[in-house]
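Topology and contacts: notes
Letter by letter, the chains look like this.
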Amino acid sequence: MSKPADLVQGTLDLLLLKLLALEPLHGWAISLRLRSVSNDVLQVSEGSLYPALHKLEQEGWIRAEWKTTENNRRAKFYSLTRLGRKQLDLEASNWQRLSNAISQVVQLSEA
Amino acid sequence: MKMEHWWFQAPLKLKAIFRRGRAEQELDEELQFHLDRKIEEGVAEGLSPETARLRALRAMGGLDQRKEQIRDTRGIHWLTDFLDDVRYAFRSLRRAPGLSAFVVVTIALGIGMTATPLSMLDALVFRPYPVSRPGDVVTLVGTSRDNAYDAFSYREYLDLRDHTRSYDGVVASTTLLSVGFSSRAGETPQVRGGQLVSGNYFRVLGVEPTLGRGFRDDEDAVPGRDAVVVLAPDFWKREFAADPAVVGRTVRINGVDFTVIGVAPETFPGMFIFMRPDLYVPLAMAGRFSTNPQKNFFVDPDDRELTVRARLKSGATLHEARTEIAVLARSLEREYPKSNRDRGAAVRTQFEMRTQDTDVNWKFGVIFTVLALAVLLVACTNAAGLLLSRARTRTREIAVRLAIGAGRFRLIRLLLTESLVLALLGGVAGIAVGYAGISALDTFTIPAEVPLKVPFRMDLRVLIASLALAVLSAIFCGLAPALQSTRTDLLRGLKAADVDEPGRRRKRLWGRNALVVAQVAMSLMLLAASFLMFRGFRHSIGEGVDFALEAKDHVLMVRFDPRLVQYDAARTEQFYKRLAERLRDSPDVLGTGYTQNPPLGLDDFDRVAFVPEGFQMPRDRESLASMMDTVDDGFFETMGVAILRGRGFRASDDAHAPRVAVVNEVFAKHYWPNQDAVGKRFRLDRSDGAPVEIVGVAKSIKYRDSPFGAGIDFVYLPVTQHPAARLVLLTKSAGDPLQMVEPVKEAVRALDPNMPLLETRTYADLYRYSVVEGPGIAVKLVGTLGAVGLLLAIAGLYGLVAYNVTRRTREIGIRIAIGAKPADVLKLVMSKGLKLVGIGAAIGLVMGVAIERVMNAMLFNAGGIDLLVYLVVVPAMIAVTMLAAYAPARRATHIAPTLALRCE
C-alpha cells in the first residue's frame, strides 16, 4: 500500500524548518499543522516526526525549550536557530531549483 | 560554520552523556504529551479511550522503536555502551580479584620495563629540536670518504648560505668547550661552555629571547668587532640569579669585555641532546676562542668546525634541497680543488642526524627497547593465558548471553573491554614503574667541566607510547580468549559449562599449547639476548682499561688554558715546562705528565692526517686519518700506558729535533703487518708533508668512554713539537691524589697567581664514570630486563601448565575409575608438558642464535652462543613444568572418582 504522497527524501527536514520558522511549535502542533497546511496531502507518520525533530536538534538547526501551552500543560517547543535559518534558505532554494526542473520536464509537450 | 555547528551540538551531547536520566525522562514526557493529545483527539471523535489509545500507539509505530531511533540521533551510542561495558568489566574483575591483580601486575611490569628504554630512545632520537617548526630544520653536512657527517669550514658555510635557494636561512654554530668567564673584570675566570653562532642563528631557528634581543646580522659581519653575548636561561639563573637587569651589563669572556644583549628563552636549552651551552657569541668573534694559534678559522679551508643547519622554505622539498646541495658541492670541488677534492655535501634530517651509524647510544636505545618489548610480549602471553582460562570458566555465562540474543560482536567488545580495563590499570601502574626506572637513570653524574644533563625523562611522547602499548597489549591478550569463548556451541555450553569435550579437545587445546611453546621460546630468546649484552658489556668494560689500575688511585688531573690569561704560545710553553719541573722536584710527586685529553674521557680526540711511507695508499685517497693526542715525555709513565717496543718521548724531542711519534699496536699492525713499526716513518697531512719517525709502539688501550672504544688506530705526538694551549696536567703520587691539590695549586701560584685551574679532579672520577657507572647502568638495565622476563616467563609457564592439568581433573578421574594407576596418569600428564617445553626450547634456541648473530653484527663481538644460558635455563623450565603438572595431577589422582566425575 503506498501512501498518498511519499515525501521526497529529505523534504521532511525542509517542511519542519519552514514550519518552525513561522513560530515555535511542539511536536503535536507540528503534526496538526502539517496536515492542515497541506490539506491532508502530506501525511507525515507521527512516528518519524520525532526522530526527525531530534536529528534537526542535534544538527543545531532547531532548539528545544520546555514551555507551558495555552491549556497549561508542559510541552517541548521547538524553534529555529540562526544556523537553522541558513539551512532553511539553502534547502528552500535547492527545493525551488529541483521543483522547477521537474516541472519543466513534466510540462514538455510531446512532439 | 563548523565551529558554530559544534557550539550547538556540544551541550546536547554532554547532556546526553552526563545527564542521561534527565534526557530519557524528557524524551518520555515529550512522546507522552503527543500520545495524550492524540488520545484526546480520538475521544473527541467518539472512540472509546482504550481504542483511542491503541490508535495513538499505532500511529506512533511502536513507542520503544521510536525511542531507540531517537537515542541513535544523539550519536553517542558507542560511548554509552562502552561505559556500560567498563562498569560491567569492573564488576566481573572484582569477582576474580586474584587473577585480575596478577594480570595487572604482569602488564605493569611489562609496560614499566618498556617505558625506560622508550624514554632513552625518545631523548636520543625522537625529541624534536626545541625551536619553532622543528620539522623544517635540517642539517647540512659535508661528506668525505671517512665521514658522512662532516662539518664545514667558514668559507664553505658562506658559500652554502649565499648560494642555496631552498632555505629560509642557513645558520652555523660551533661548540666552545671551555671559555673563561667572569661576571665582572678582575674576578678569577670560571670555565664555561658555549656556542659560537652566526648572526642569524636565533632569528632563523625562531628562538625569541626572553630578555633583550638575539644577534643582528651586522654583529657577525666584521671579525672581532662586536663583542656581544646572549646568555642561556639556566646559566642566567645560576650566575645572575635571574636578574633582569643583566642586559646591557659587561662581562669578561676570555679576557675581553662582552656586552650582554639578551637571554635565550627557557624553551631553548640548545640544539644538543646532552650538552647545554652557557652562552652564545657571534661567529665573528671566533678569533678570541681559537684553540690553535697557527690556524685562521676565517680563511683556512681545512679548518672544518661549523655545524650548519638550515630551515627549509615552505614549499621547498627535501628532494630539491638535496639536488641543490649536490650541485653546489661539485662546484665547490671545482673552485677549491685542493681542499675540497672528493668532498660532497648532503642534507640530513633530524632523524638522520640522530641515527648516525657511528653513534652507539641510539643503537643501545633500540636494543633496549626491543628487549623490553620482548618482556612485554612475555607478560602479554601470561595475561592471555590467564584470560583464556578465565574465559573458559565463563562459558556458561557467555552461552546464556548468546542464547538471549546478544550479538557475537557485541560480546567480543565486552570481553575486550574487560581486558582493556586490565591493561590500562596495568599501564598506569607500569608508567609509575617506568618513572622510577627513569629517575634511577638520572642519579649518576657525568664528570665534565660543563654540566651535562641526562636528558631522559617521562614526557608526553613516552606517556602516550606507553598507553598505546597498554591498549595493544589489551587487544593482544584479550582477542584470542574473546574469539574462542564466543564461538561456544550453545547447547553444550549451557549444559556442561567448563569441561573439555572429547574429540573437540585437540582443537581447543591447541591455543593453550601454543601459548606454552611461545612462552618458553620467547623467554629463552630474551634470556639469550640479555646474557649476550650482559657479557658483552662486562667484557668491553674490562677491555683495555688495565693501564688505569694504578692511575685511578693515584693520579690527579688539573686542566689549564693559559690563553684565558692572555698568554702567547711561547709563554704557554714556558709555563707548562716550569710547572712540571717544579712538581717533579717535590718528593711526594712520583711523576707528572701532560695530555690534551686523558684516556677514558668524554671529549673527542683530535684527528691527524698522515701518509705512511711504503704503504700502498688507496688510489683515490690523499691521506689517512687517525685519532691522536699530544702528550709530553712523562705521560706514558704517569698514566700507565706501556711502551711495548722502542721508546716513549724524551725531553730532547723538542722543536729542533727530528719529528717523532708513538703509535699504538693497532696502528702498527694496521700499516706494517708482520714488521716492526719502530723506525718506520709517515708524512703529516700529505705525501709531501713533514716526515715523522715512529720511535715507539704503545699498548692499545681504551681511549673513549664508549664501551666499544678499543681496537682503533691511535697516534701520540710530542707536545714539544706540536704545541697546544689547553692541556691536562697529570700528577701521580704515592697516596691519595687529592692531597696533591694544594701542592699543585702552590706551584701554579708561584708561577702566576692569576692562572686559573680549570678542572681539578682525580682520575678515579673519570674511571668510575667511564668504566664503572656508565656501562653499569646498561648492565643493570639489561640484567633487570632479563630477570623480569625470566620471572614472568616462569610464573606464566607454571600457571598455564597447572591450569591445563586442572582442566583434565575429570578425565583423570575417569582414567583412575576404570583402573589406571596413578603413576601412569602422572607420566601421561607430565610427558605432555615436557614435550611442549621441548618444542619451545628448540624454537627458542634457534631464535636465540639468530638474535646473537644480529647483535654481534651490530655492536660487539662477544663471542658465540652462550651454552651456559641454555644449560641452566632449560632444565629450570623443565623443573617448573614438572612441578606445575605434578601438583594438580597428583591431587586429581587422589580425589574419589565420583567427585572427579562431577567436577566442573
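The shown structure was predicted, so the numbers you read here are calculated from the model rather than taken from an experiment. (Residues numbered from 1 in each chain as written. Chains lettered and ligands numbered in written order. Predicted model: local features only at pLDDT ≥ 70, side-chain atom pairs only at ≥ 80, totals over all residues.)

This part takes up the overall build of chain A. Summing up its helical and strand segments, chain A has four helices and three strands in all. Reading the secondary structure of chain A in the N-to-C direction produces α-β-α-α-β-β-α. Expressed as a percentage of its 111 residues, the buried residues of chain A come to 30%. (Helix = DSSP H or I, 4+ residues; strand = E, 2+ residues; numbered from the N terminus. Buried ≥ 20, exposed ≤ 12 C-beta atoms within 10 Å, placed from the backbone.)

How big an interface is tends to be expressed through the accessible area that disappears when the partners come together. Residue-level contacts link 19 residues of chain B with 16 residues of chain A. Broken down by secondary-structure element, the contributors of at least two residues to the side of chain B that touches chain A are helix H1 (2-18), helix H2 (20-44), helix H3 (49-60) and helix H4 (63-73) of chain B. Among the residues making up the side of chain B that touches chain A, the classes are represented as seven nonpolar, seven polar and five charged. (Contact = placed C-beta atoms within 7 Å. Nonpolar A, V, L, I, M, F, W, Y, C, P; charged D, E, K, R; others polar.)

Residue and element names in this part refer to chain B. Here helix H15 (residues 460-485) contains 26 residues, and its C-alpha end-to-end distance of 37 Å stays within 8% of the 38 Å for a straight helix at 1.5 Å per residue. By the largest-angle criterion, Gly 478 marks the main kink of H15, which is about 35°, and a proline, Pro 481, follows within four residues. Here H15 has its buried residues at Val 462, Ser 466, Leu 469, Ala 470, Ser 473, Ala 474, Cys 477, Gly 478, Pro 481, Ala 482 and Ser 485. Contacts from the buried residues of H15 go to helix H6 (97-126), helix H12 (361-393), helix H13 (395-403) and helix H14 (408-441). (Expected span 1.5 Å × (residues − 1). Bend = angle between axes of the 7 residues up to and from the residue.)

The subject of this paragraph is the packing of H6(B) against helix H23 (residues 763-807) of chain B. Residues and elements named next belong to chain B. Contact geometry of H6 with H23 gives a least axis separation of 11 Å together with a crossing angle of 160°. When the axes of H6 and H23 are compared, the pair comes out roughly antiparallel. For the crossing formed where H6 meets H23, the hand is left-handed. Judged by residue contacts, Thr 106, Leu 109, Met 113 and Thr 116 of H6 engage Leu 781, Leu 785, Val 788 and Leu 792 from H23. Here the residues of the contact of H6 with H23 sort into six nonpolar, two polar and no charged. (Axes fitted to C-alpha atoms, helices over the stretch in contact; angles between N-to-C directions. Parallel < 35°, antiparallel > 145°, perpendicular 65-115°, else oblique. Left-handed = near helix turned anticlockwise from the far one by under 90°.)

Before going further, it helps to spend a moment on the pairing of strand E7 (residues 256-263) of chain B. All names here are of chain B. By the bridge criterion, two bridges tie strand E4 (residues 211-212) to E7 in an arrangement that is antiparallel. Within E7, the position partnered with Gly 212 by the bridge is Gly 262. Examined bridge by bridge, strand E5 (residues 228-231) and E7 share four bridges and lie parallel to one another. Bridge pairing in E7 places Val 229 opposite Val 260. Of the pairings in the sheet, the one linking strand E6 (residues 250-253) to E7 comprises four bridges and is antiparallel in character. Among the inter-strand pairings, Ile 253 is bridged to a residue of E7, identified as Val 256. Here E6 folds back onto E7 in antiparallel fashion, the turn holding two residues, of which Asn 254 has a positive phi close to 50°. (Pairing = 2+ DSSP bridges.)

A separate point is the environment of B:Phe274. Residues and elements named next belong to chain B. Inspection of the secondary structure puts Phe 274 in the loop between E7 and strand E8 (279-282). Phe 274 gets classed as partly exposed once you count the C-beta atoms within 10 Å, which come to 16. Along the sequence, Phe 274 and Val 663 sit 389 residues apart, while their C-alpha atoms lie 32 Å from each other.

Residue and element names in this part refer to chain B. Summarising the model, chain B shows a mean pLDDT of 83, and 91% of its residues fall at 70 or more. Low pLDDT, under 50, characterises residues 497-503; the predicted model gives this stretch 13 contacts beyond four residues in sequence or across chains. Interface predicted TM-score (ipTM) for the complex: 0.83; the corresponding pTM is 0.73. (pLDDT = per-residue confidence, 0-100.)

With that settled, the discussion passes to the packing of helix H3 (residues 46-59) of chain A against H4(B). Where H3(A) contacts H4(B), the axes come no closer than 9 Å and their chain directions differ by 15°. Relative to H4(B), the element H3(A) lies roughly parallel. Once H3(A) is placed against H4(B), the crossing between them reads as right-handed. Here A:Gly47, A:Tyr50, A:Pro51, A:His54, A:Lys55 and A:Gln58 of H3(A) come into contact with H4(B), specifically with B:Arg66, B:Gln69, B:Ile70 and B:Thr73. Residues that form the contact of H3(A) with H4(B) fall into these classes: three nonpolar, five polar and two charged.

Residue and element names in this part refer to chain A. Spatially, the three strands line up as an open sheet ordered E1-E3-E2, and their pairing is antiparallel. In this open sheet, the two strands that pair with only one neighbour each are strand E1 (25-26) and strand E2 (62-68). Running at roughly 100° to strand E3 (residues 74-80), helix H1 (residues 11-22) makes contact with E1, E2 and E3 of the sheet.

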